[in-house]
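Summary of structural features
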Amino acid sequence: SAVRVATAAYPMDVLTSWEADESKLRTWVRKAVADDAQLLVFPEYGAMELATLAGREVAFDLEQSLHAVSERMPEANAILSGLAQEFGVFVLGPSGPVFDADISDRPVNRAHILAPDGRVAHQDKQIMTRFERETWGVVGGGSLTLFDTPLGKIAVLICYDSEFPLLGRAVAEADVVLVPSCTEALTGYSRVRIGAMARALENQCVTVMSSTVGACDWSQAVDENTGMGGVFGSPDTGFPATGVIAEGELNMPGWTFTDIDLDKIAHVRADGVVLNRAHWAEQDGRDVIAATCKLG
């Protein structure tokens, strides 16, 4: 029942050609597979490096970079899909802006899941940060999805989405919730990390956080990046007392590896010291303030 996961602290680069992009992705996938990873998790907005294929001037312009990445996402996904099939792994690709006319005339933030059998699915971010909505014009996308895979039931809460309990509850059937993130400062990283840990506690599941790291002087959108890989569980039976299953080193590029035991998830949900997931509904009717009591 063990699933070997690799979660990325991913630095974005200036890409000079599609060959450079494929070479970089192949190197990352090879390193993960060399450690027997079955599920590879890249971060939010890691696909912004695709904008550099259109030149630094385009990559630096907020609006032009949106279009440049969206136009190149299909080819980037084809590369990752080929690698997923070649190495027999599941990959959550780096998310990026995608213009989808069925949703809006503005881009959504979309992460694709590439399966080893060639199938491709996606998850859109639900709730936009202030920068995304006020400055960049990125909008919320399609609804949440539960992905039923041979590695267990998987869901994706992209970065800010992980900070909202009702979104977490919507995917409570997931064994593993992937949390790809892109955060400028330690404060942002900490918010997403706390959100990921809280969702693991509430759902008695495992959450897997990936991050972008490093500076990108060619972008106004992802110019500074702080984070690391992390895997979190409920601090209960079968899991570490801190809830931290594995963590990388802050701002150090590379994979963080660990094994996720699906049987332990099932066990803590059925017979943990506490049963947060099962007792969630007991909040109904109690989540109101019936009176105000003035003291002092």
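Attention in this report is confined to the structure presented alongside it. For clarity, every value in this text was computed on a predicted model and none was experimentally measured.

Cut-off values and rules
- Residues numbered from 1 in each chain as written.
- Predicted model: local features only at pLDDT ≥ 70, side-chain atom pairs only at ≥ 80, totals over all residues.
- Heavy atoms only, no water.
- Helix = DSSP H or I, 4+ residues; strand = E, 2+ residues; numbered from the N terminus.
- Buried < 20%, exposed > 50% of the residue type's maximum accessible area, 1.4 Å probe, protein only.
- Polar contact = N/O pair within 3.5 Å; in protein donor to acceptor, adjacent residues only side chain to side chain.
- Salt bridge = Lys/Arg side-chain N within 4 Å of Asp/Glu carboxyl O.
- 1 Å grid on protein atoms, 1.4 Å probe; cavity = no way out; pocket = protein on both sides within 12 Å on 5 of 7 lines; lining within 4 Å.
- Points joined across faces, edges and corners; volume = space filled by probe spheres on them.
- Nonpolar A, V, L, I, M, F, W, Y, C, P; charged D, E, K, R; others polar.
- Core = buried A, V, L, I, M, F, W, Y, C linked by side-chain atoms within 4.5 Å.
- Contact = heavy atoms within 4.5 Å.
- Axes fitted to C-alpha atoms, helices over the stretch in contact; angles between N-to-C directions.
- Left-handed = near helix turned anticlockwise from the far one by under 90°.
- Expected span 1.5 Å × (residues − 1).
- Arc of directions from axis to C-beta.

**Considerations on the environment of S190**
Along the chain, the position of S190 falls in helix α6 (residues 186–203). Note on S190: relative accessible area 28%, which makes it partly exposed. Here the alpha-carbon distance between S190 and G227, two residues 37 residues apart in the chain, equals 8.6 Å. At 2.8 Å, the side chain of S190 and the backbone oxygen of L186 are in polar contact.

**Things to note about the pattern of salt bridges**
Summed over the entire model, instances satisfying the criterion amount to 18 salt bridges. Between R4 and D259 there is a salt bridge; the shortest N-O distance is 3.4 Å. Of this pair, R4 sits in strand β1 (residues 2–11) while D259 is found in strand β14 (residues 254–261), placing the two residues 255 residues apart along the sequence. By relative accessible area, which is 18% here, R4 ends up buried. K125 serves as the salt-bridge partner of E132, at 2.9 Å between the closest nitrogen and oxygen. Comparing E132 with K125 shows no difference in burial state: the two are buried.

**Details of empty space enclosed by the protein**
By the definition in use, this model includes two cavities of 30 Å³ or more. The calculated volume of the largest cavity comes to roughly 90 Å³. Looking at the largest cavity, it is lined by 13 residues, and the ones nearest its centre are L25, A47, L50, A76 and P94. Those elements giving two or more residues to the lining of the largest cavity turn out to be α1 (18–34) and α3 (62–87). Of all the elements, α3 adds the most residues to the lining of the largest cavity, at four residues. When its residues are assigned to classes, the lining of the largest cavity shows eight nonpolar, three polar and two charged. As a volume, the second largest cavity reaches approximately 60 Å³. Lining the second largest cavity are L39, F90, V91, L92, I113, F147, T149, I154 and L178. For the lining of the second largest cavity, the element with the highest residue contribution is strand β3 (residues 90–92), accounting for three residues. Its residues assigned to classes, the lining of the second largest cavity shows eight nonpolar, one polar and no charged.

**What to know about the nonpolar core**
Among the nonpolar cores identified, the biggest contains 43 residues, and L40, F42, V91, W136, V222 and W255 are the most heavily contacted of them. A per-element tally of this core places α3 first, with ten residues. Discounting chain neighbours no more than four positions away, the residues touching W255 are A6, T7, A8, W28, K31, A32, L40, V41 and F42. Grouped together as the second largest cluster of nonpolar side chains are 40 residues, V177, V206, M228 and F239 included.

**Description of the packing of α1 against α3**
For the pair α1 and α3, interaxial distance at closest approach is 10 Å and the crossing angle is 35°. Pair α1 / α3 crosses with right-handed handedness. On α3, the residues that touch W18, D21, E22, L25, R26, V29, R30 and V33 of α1 are R72, E75, A76, I79, L80, L83, E86 and F87. Residues that form the contact of α1 with α3 fall into these classes: nine nonpolar, no polar and seven charged.

**Comments concerning α1**
Relative to the 24 Å expected for 17 residues at 1.5 Å per residue, α1 spans 24 Å between its end C-alpha atoms, a close match to the ideal helical length. Taken together, the buried positions of α1 are D21, K24, L25, W28, V29 and A32. Buried residues of α1, viewed axially, fall in a sector of 125°; they line one side. Every exposed residue of α1 that faces more than 90 degrees away from the buried side is listed here: E19, K31 and A34. Looking at the buried residues of α1, the elements they touch are β1, β2 (39–41), α3 and β14. One or two residues past the end of α1 sits D36, with phi positive at roughly 70°.

**Observations regarding the environment of V213**
Mapped onto the elements, V213 comes out in strand β10 (residues 206–215). Between the C-alpha atom of V213 and that of P253, which follows or precedes it by 40 residues, the distance is 6.8 Å. In this structure, V213 is in contact with A9, Y10, P11, M12, N225, G227, N251 and P253, ignoring residues within four places of it in sequence.

**A closer look at the layout of surface pockets**
Computed from the structure, the largest pocket encloses a volume of approximately 480 Å³. As for the largest pocket, its lining consists of 24 residues, and the residues nearest its centre are T129, F131, C182, T183 and E184. At the level of elements, α4 (130–136), α6 and β11 (224–225) are the ones that each hand at least two residues to the lining of the largest pocket. For the lining of the largest pocket, the residue count by class is ten nonpolar, five polar and nine charged. Of the pockets and cavities examined, the second largest pocket occupies roughly 200 Å³. What lines the second largest pocket is F90, I113, A115, P116, D117, R119, V120, A121, F147, D148, T149 and P150. Ranked by residues supplied to the lining of the second largest pocket, first place goes to strand β7 (residues 147–149) with three residues. Split by residue class, the lining of the second largest pocket holds eight nonpolar, one polar and three charged.

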